[in-house]
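# Coordinate inspection notes
Now for the letters of each chain:
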There are 2 protein chains.
Amino acid sequence: MAKYPLIKTTLKERLLGGHYVEGLPLPSEPQLAREFEVSRMTARRAIDELEREGYVYRVQGAGTFPTGKRFRQGMFRVRPFKEWARHPEHRTVVLRAVEVAASPEIAAVLQVQSGDKVAFVHRLRSAGDEPLVIEKRYINAQLAPTLLDHNLAVESVHEVLVGRLGLALTRVEQTLEAVNLRQEEADLLRVPLGTAAFLLRRTTFGGMQRISYVNYWVRGDRYAFQDSFEP
Amino acid sequence: MAKYPLIKTTLKERLLGGHYVEGLPLPSEPQLAREFEVSRMTARRAIDELEREGYVYRVQGAGTFPTGKRFRQGMFRVRPFKEWARHPEHRTVVLRAVEVAASPEIAAVLQVQSGDKVAFVHRLRSAGDEPLVIEKRYINAQLAPTLLDHNLAVESVHEVLVGRLGLALTRVEQTLEAVNLRQEEADLLRVPLGTAAFLLRRTTFGGMQRISYVNYWVRGDRYAFQDSFEP
DNA sequence: GAGTGGTCTAGACCACTCG
DNA sequence: GAGTGGTCTAGACCACTCG
């Protein structure tokens, strides 16, 4: 078992618990190395990840500081598509739902062997006559062997995984990008080639296992994410 | 001058130039270390960043592989601009900072009278030589009369409003859109017309008063918003 | 079994911050 | 000048892949 994840978890707990004061530095890297009885490089590795996740920032010569709360966590809550599906005017069309062999990229994301069975679901969501969202999803088939027996035009994948297959989803990681639509996506969404869209990539975890990886292309001209918070 | 950025740049050029074949591994870490005459840890550091930026993925025991184009992504984290400003490679250029009369649209957003004085700040943020973010900000000049006396290439507007002018910021409302850049913005960011970008619109409140309204255009090819949560 | 990436050590020198 | 983070070295052992 590696040492740096424990250091990272411990520091994260302290940061979230307010053990470190905003504006004041954390213990220095040599101090943390001594406390956790590791080399400085190993302590640094843990801090590297905390910095990348936005919990701390570093200033050479000055120290490592807690990041202000308002910026710490996801700025944008994305609404679950479960709500989407309930709206009477919203429709989902399943373009494809098959088992495929994992490409090396998908294997890396889901942490399975290249060539392992993966369930692939390709769907298009519309409001009224207007197509709005393309979904391409890959699910570890070993963890969800009967997923494709369900009617995915009506049921949400999340509902099937949790409600029917009894999987526990423990964590979600996602990134949001702004991209120009390529021909294939533009055609499906019936907009011009190159139209700006959101690309939301989401990985869903069950414990240490990666259950599902999904890409959503969301029309930029029809969708905006809203947020409000107290600083 | 550090060594790993050169290794990273060189490998990135090779990857984008197609020197490495999809499906086949790159040279191993010890090989790359020998080629660049560095230790293995330094070669790893360069590869770490390429992996994080989505150019390669690694499989323990097998090797490091070029990522298929579909999954390549720019992974710049969004940071508070205070931290941004402290980074030695990050620069802010003030393109314009003047008092103007509020247009009807700005007057509506800030809830002042059309024609009232509004401070307008137009800035460009860059990392190294690369322009990344355009900012156009409007501040209620009655609430922040001396804002423009400060050096806004160095100080953050937030710091001036709160730290110098003693304003209390009580709420933030924001929306995030995906847009195609128009000529003016594309020129500033040095990308082609129509490139996809995030448009972040933010209104900052002090009690019932609206203090500041800002639009950020953020290059979609270099930025991603990250989030992780427990469902 | 040879080779690969994953982790870790115990040092070292540097640029930078801060009182 | 003391302390900090940034970078780098030359090793080491491990788990894993693959022919």
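Here, the structure is the one placed above.
Presented here is a report on the structure given in the accompanying data block. Here the structure is a predicted model, which means the values were calculated and not measured. (Residues numbered from 1 in each chain as written. Chains lettered and ligands numbered in written order. Predicted model: local features only at pLDDT ≥ 70, side-chain atom pairs only at ≥ 80, totals over all residues. Heavy atoms only, no water.)

## Some points on the overall build of chain A
Note the following rule: By definition, any uninterrupted DSSP run of H or I lasting at least four residues is a helix, any uninterrupted run of E lasting at least two residues is a strand, and each is numbered from the N terminus. Burial status follows relative accessibility: with a 1.4 Å probe on protein chains alone, a residue under 20% of its type maximum counts as buried, one over 50% as exposed, and anything between as partly exposed. Throughout, a residue-residue contact means that at least one pair of heavy atoms, one from each residue, lies within 4.5 Å.
The helix and strand inventory of chain A stands at seven helices and nine strands. When the 231 residues of chain A are sorted by exposure, 47% land in the buried category. Relative to all contacts within chain A whose residues are 6 or more apart in sequence, the contacts with residues 24 or more apart total 56%.

## Some thoughts on the packing of aromatic side chains
Short version of the rule: Think of it this way: a Phe, Tyr or Trp ring, Trp meaning its six-membered ring, pairs with another when their centres are within 6.5 Å, and the plane angle makes it stacked under 30 degrees, edge-to-face over 60, tilted otherwise. Counted as over-ring charges are cases with an Arg CZ or a Lys NZ within 6 Å of the ring centre that also lie within 35 degrees of the ring normal.
Taken as a whole and judged by the stated rule, the model has five aromatic pairs over all chains. Measuring from centroid to centroid gives 5.1 Å for Phe120 of chain B and Tyr138 of chain B, while their planes differ by 35 degrees, and the two rings are tilted. Here Tyr138 of chain B lies in strand β5 (residues 130–140) and Phe120 of chain B lies in strand β4 (residues 117–127), a separation of 18 residues in the sequence. Assessed through its relative accessible area of 18%, Tyr138 of chain B is described here as buried. In this arrangement the basic side chain of Arg45 of chain A is found over the ring face of Tyr4 of chain A, its NZ or CZ atom lying 4.0 Å from the centre.

## With respect to helix α2 (residues 29–36) of chain A
All names here are of chain A. Spelled out, the test is: By arc we mean the arc of the directions from the helix axis to the C-beta atoms, nothing more.
For α2, the set of buried residues is Glu29, Leu32 and Ala33. Projected down its long axis, α2 shows its buried positions confined to an angular sector of 105 degrees, all on one face. Tucked inside the fold, the buried residues of α2 contact α1 (4–16), α3 (40–52) and β1 (56–59). Positive backbone phi, approximately 55 degrees, marks Glu37, located one or two places after α2.

## Looking at α3 of chain A
All names here are of chain A. In plain terms, the rule: Helices are assigned an expected span. That span is 1.5 Å times one less than the residue count.
For α3, with 13 residues, the first-to-last C-alpha span of 18 Å sits near the 18 Å given by 1.5 Å per residue. Here α3 has its buried residues at Ala43, Ala46, Ile47, Glu49 and Leu50. The buried side chains of α3 occupy one side of the element, clustering within an arc of 155 degrees when seen end-on. Next to the buried residues of α3 lie α1, α2, β1 and β2 (63–66). Following α3 by one or two positions, Gly54 has its phi on the positive side, about 90 degrees.

## Thoughts on the packing of helix α1 (residues 4–16) of chain B against helix α2 (residues 29–36) of chain B
Residue and element names in this part refer to chain B. Cut-off, in case you're wondering: Note on geometry: axes are lines fitted to C-alpha atoms, helical ones only across the stretch in contact, with angles between N-to-C directions running from 0 to 180 degrees. Roughly parallel covers angles under 35 degrees, roughly antiparallel covers those over 145, roughly perpendicular covers 65 to 115, and oblique covers all other angles. The sense of a crossing depends on the near helix, which, turned anticlockwise from the far helix by less than a right angle, makes the crossing left-handed and, turned clockwise, makes it right-handed.
Two elements in contact, α1 and α2, have axes whose closest approach is 12 Å; the angle formed by their N-to-C orientations is 115 degrees. For the element pair α1 / α2, the angle class is roughly perpendicular. With respect to the hand of their crossing, α1 and α2 are arranged in right-handed fashion. Packed against α1, whose contacting residues are Ile7, Thr10, Leu11 and Arg14, the element α2 presents Leu32, Glu35 and Phe36 at the interface.

## Comments concerning the protein's contact with DNA strand C
Rules: Whether a residue is near a molecule or strand depends on its heavy atoms: it is near if one of them lies within 4 Å of it. In protein, a polar contact requires one atom able to donate a hydrogen and another able to accept it; more generally it is a pair of N or O atoms within 3.5 Å, and residues adjacent in sequence count only if both atoms are side-chain atoms. Ten residue types, Ala, Val, Leu, Ile, Met, Phe, Trp, Tyr, Cys and Pro, are classed as nonpolar, four, Asp, Glu, Lys and Arg, as charged, and the remainder, Gly among them, as polar.
Around DNA strand C, the surrounding shell holds 26 residues, and the nearest of these are Lys3, Tyr4, Ser39 and Thr42 of chain A together with Arg40 of chain B. Backbone atoms, meaning sugar and phosphate, form 63% of the atoms of DNA strand C found within 4 Å of the protein. Between DNA strand C and Gly61 of chain A there is a distance of 3.4 Å, counted from a sugar or linking oxygen to a backbone nitrogen or oxygen. One of the backbone nitrogen or oxygen atoms of Gly61 of chain B is found 2.9 Å away from a base nitrogen of DNA strand C. Elements that contribute at least two residues to the surface near DNA strand C include exactly α3 of chain A together with α2, α3 (40–52), β1 (56–59) and β2 (63–66) of chain B. Take the surface near DNA strand C: its biggest share by element is four residues, from α3 of chain A. Taken together, the residues of the surface near DNA strand C sort by class into nine nonpolar, nine polar and eight charged.

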